[in-house]
Amino acid sequence: MLQQDSNDDTEDVALFDAEEETTNRPKKSKIRHPVASFFHLFFRVSAIIVYLLCELFSSSFIACMVTIILLLSCDFWAVKNVTGRLMVGLRWWNHIDEDGKSHWVFESRKASSQESKTVSEAESRIFWLGLIACPVLWVVFAFSALFSFRVKWLPAVSLVAEGTVSQCWAVTAGCSLLQAVVVMGVVLQGANLYGYIRCKVGSRKNLTSMATSYLGKQFLRQIVVEIQRCRGPVFATASE
Amino acid sequence: MRSRVREFDSSTLNESVQNTIMRDLKAVGKKFMHVLYPRKSNTLLRDWDLWGPLILCVTLALMLQRGSVDSEKDGGPQFAEVFVIIWFGAVTITLNSKLLGGNISFFQSLCVLGYCILPLTVAMLVCRLVLLAELGPINFMVRLFVVIVMFAWSIVASTAFLADSQPPNRKALAVYPVFLFYFVISWMILTFTPQ
């Protein structure tokens, strides 16, 4: 009877747990900061789109480049100051102390028991996907800008064939503005990527180093105990 | 692109987005004020950020456009030229001051040099307005006067912040490239004609 009762109890408890798990799982993968997630991707993706489609948007090359520069800057600021700490609880910055020396600080929010502070899976996935995919695309653009002329500049190239210095300068400066913008994209987004990877690795390294040192000590202790226990037979076989 | 002096505990890690934006905007505004009224203070150096230099650089490059903005061939060289001169010049001066043994960090120096372009940007604005009137020697004298005054202001503002970071016998060596840098920008502003 008692056993049956306890079985019923455990069955009830098991059902309750199963319900809680299903209600917990959606909470962890729910997007808690939809606006931040949107802006995290919006600036990066729109910079890439404007870069690829600048002929369609406006006939002015300068306006496109200025737009891309502003989008890249806003993206850098947003990812560094807002979306990083809201979506994954990481932050990196530069701190200058009293002596004038600069330190780079990489910080990660410690895991706390509060539900609101844990990182949600979906947000983390969106964050890292956006953070990694876009700099890779900018690097691809950098290589393609290095090795090929854009179609816009073909008329300018034909003018260069006439041999005037100012038109040569027009072609090289125009190409260099394009490459400057691409380099800026690579640098800014690469910096964010590097900063956040260091934040992530830094936090993980603390845990793993603690874990390895603890496990290492346990392992050594076990070996010493084994040696002390088997001291007799080991020495006997060695002396043979 | 921002550094902070205060220690970051969970309060700023969890602050609202509006707080972050307002704080950064106020910091940028404060630095602009510091450039307009240069006093010996550490604010520009301690809390560096590169927003001001970016805004000023883009504004100056846009204002130095010759001809119509829509024509790509005319607009391209001036914009790229100004951008590259400003950023490469600032990086070179920073490297120079670091090699001379200054104890200022890379981004701090870029911050100071960039913010001290503000007087020259104002000069550019004034020159463009003056150029709306008829061209002539008086026109040129007015522009020359304005550019010289703003150039001197930029030099005073930047040396007020940068000279302290150098050892005393190297101050002239560190200030001379800054002088050249602002001279080149002033030259570009003075020789600008909207044709």
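Going by what an unreviewed UniProt entry lists, chain B is known as Protein YIPF and is assigned to Camelus ferus. In its Sequence similarities (unreviewed entry) section, the UniProt record describing chain B reads: "Belongs to the YIP1 family."

In the annotation of an unreviewed UniProt entry, the entry for chain A reads Golgi apparatus membrane protein TVP23 homolog, and the organism field reads Camelus ferus. Taken from UniProt, the Subcellular location (unreviewed entry) comment for chain A reads in full: "Membrane". Per UniProt, the comment on chain A under Sequence similarities (unreviewed entry) is "Belongs to the TVP23 family."

Visitor: Outline the UniProt feature "transmembrane region" (unreviewed entry) in chain A, supporting the account with residue identities and numerical values.
Guide: All names here are of chain A. Sites flagged by UniProt as "transmembrane region" (unreviewed entry) map to residues 35–53, 59–79, 126–149 and 169–197. Spanning residues 35–53, this segment combines 95% helix with 0% strand, and its end C-alpha atoms are found 26 Å apart. Helix makes up 90% of residues 59–79 and strand 0%, whereas the separation of the span's terminal C-alpha atoms amounts to 30 Å.

Visitor: Report on the state of the cysteines, specifying residues and quantitative values.
Guide: One pass over the full model with this rule turns up zero disulfides over all chains. The thiol sulfur of Cys134 of chain A is not disulfide-bonded, and the nearest other cysteine sulfur, from Cys74 of chain A, lies at 15 Å. Relative accessible area serves as the criterion here: at 6%, Cys134 of chain A is assigned to the buried category. Summary of cysteine pairing: Cys116 of chain B is not part of a disulfide, and the nearest cysteine sulfur, belonging to Cys111 of chain B, is at 8.7 Å.

Visitor: Explain the packing of helix H4 (residues 51–63) of chain B against helix H6 (residues 106–115) of chain B residue by residue, including any values.
Guide: All names here are of chain B. At a minimum axis separation of 8 Å, H4 and H6 run at an interaxial angle of 40 degrees. Considering the angle they form, H4 stands oblique to H6. For the pair H4 and H6, the crossing hand works out as left-handed. Contact residues: H4 offers Gly52, Pro53 and Leu56, while H6 offers Leu110, Cys111, Gly114 and Tyr115.

Visitor: Explain a nonpolar patch on the surface to me, and be specific about the residues and the numbers.
Guide: Residues and elements named next belong to chain A. A surface patch of nonpolar side chains, about 640 Å² in accessible area, is lined by Leu41, Val45, Ile49, Leu52, Leu53, Leu56 and Phe57. Only helix H2 (34–52) and helix H3 (54–57) provide two or more residues apiece to the nonpolar patch. No other element matches the four residues that H2 contributes to the nonpolar patch. Relative to the helices and strands, Phe57 is located in helix H3. The class for Phe57 is exposed, based on a relative accessible area of 52%.

Definitions and limits used
Within each chain, residues carry numbers counting from 1 in the order of the written sequence. Ligands are numbered from 1 and chains lettered from A, in the order in which they are written. Totals for whole chains, interfaces and linings use all residues, but because this is a predicted model, local features are given only for residues with pLDDT of at least 70 and pairs of side-chain atoms are given and counted only at 80 or more. Side-chain figures throughout are based on the complete set of non-hydrogen atoms in the structure, without hydrogens or water. UniProt positions are given in the numbering used here, feature names are shortened, and annotations may be inferred rather than shown by experiment. Helix and strand assignments come from DSSP, with helices taken as H or I runs of at least 4 residues and strands as E runs of at least 2, each series counted from the N terminus. In plain terms, two cysteine sulfur atoms within 2.5 Å form what is called a disulfide here. Relative accessible area decides the class of each residue, using a 1.4 Å probe on protein chains only: under 20% of the type maximum gives buried, over 50% gives exposed, and in between gives partly exposed. Every axis corresponds to a line fitted to the C-alpha atoms, with the helix fit spanning only the stretch in contact, and the corresponding angles, defined between N-to-C directions, vary from 0 to 180 degrees. When an angle is under 35 degrees it counts as roughly parallel; over 145 it counts as roughly antiparallel; between 65 and 115 it counts as roughly perpendicular; any other value is oblique. Each crossing gets its hand from how the near helix is turned against the far one by less than a right angle, where anticlockwise is left-handed and clockwise is right-handed. By definition in these notes, contact holds between two residues if any of their heavy atoms fall within 4.5 Å. Residues forming no salt bridge and having over 30% relative accessible area are the ones grouped into patches, like charges within 9 Å of each other and nonpolar side chains (Val, Leu, Ile, Met, Phe, Trp, Tyr) within 5 Å. The Shrake-Rupley method, run with a 1.4 Å probe, gives the accessible areas here. Residue values count only the displayed protein chains as cover. When a carboxyl oxygen of Asp or Glu is within 4 Å of a side-chain nitrogen of Lys or Arg, the pair counts as a salt bridge.

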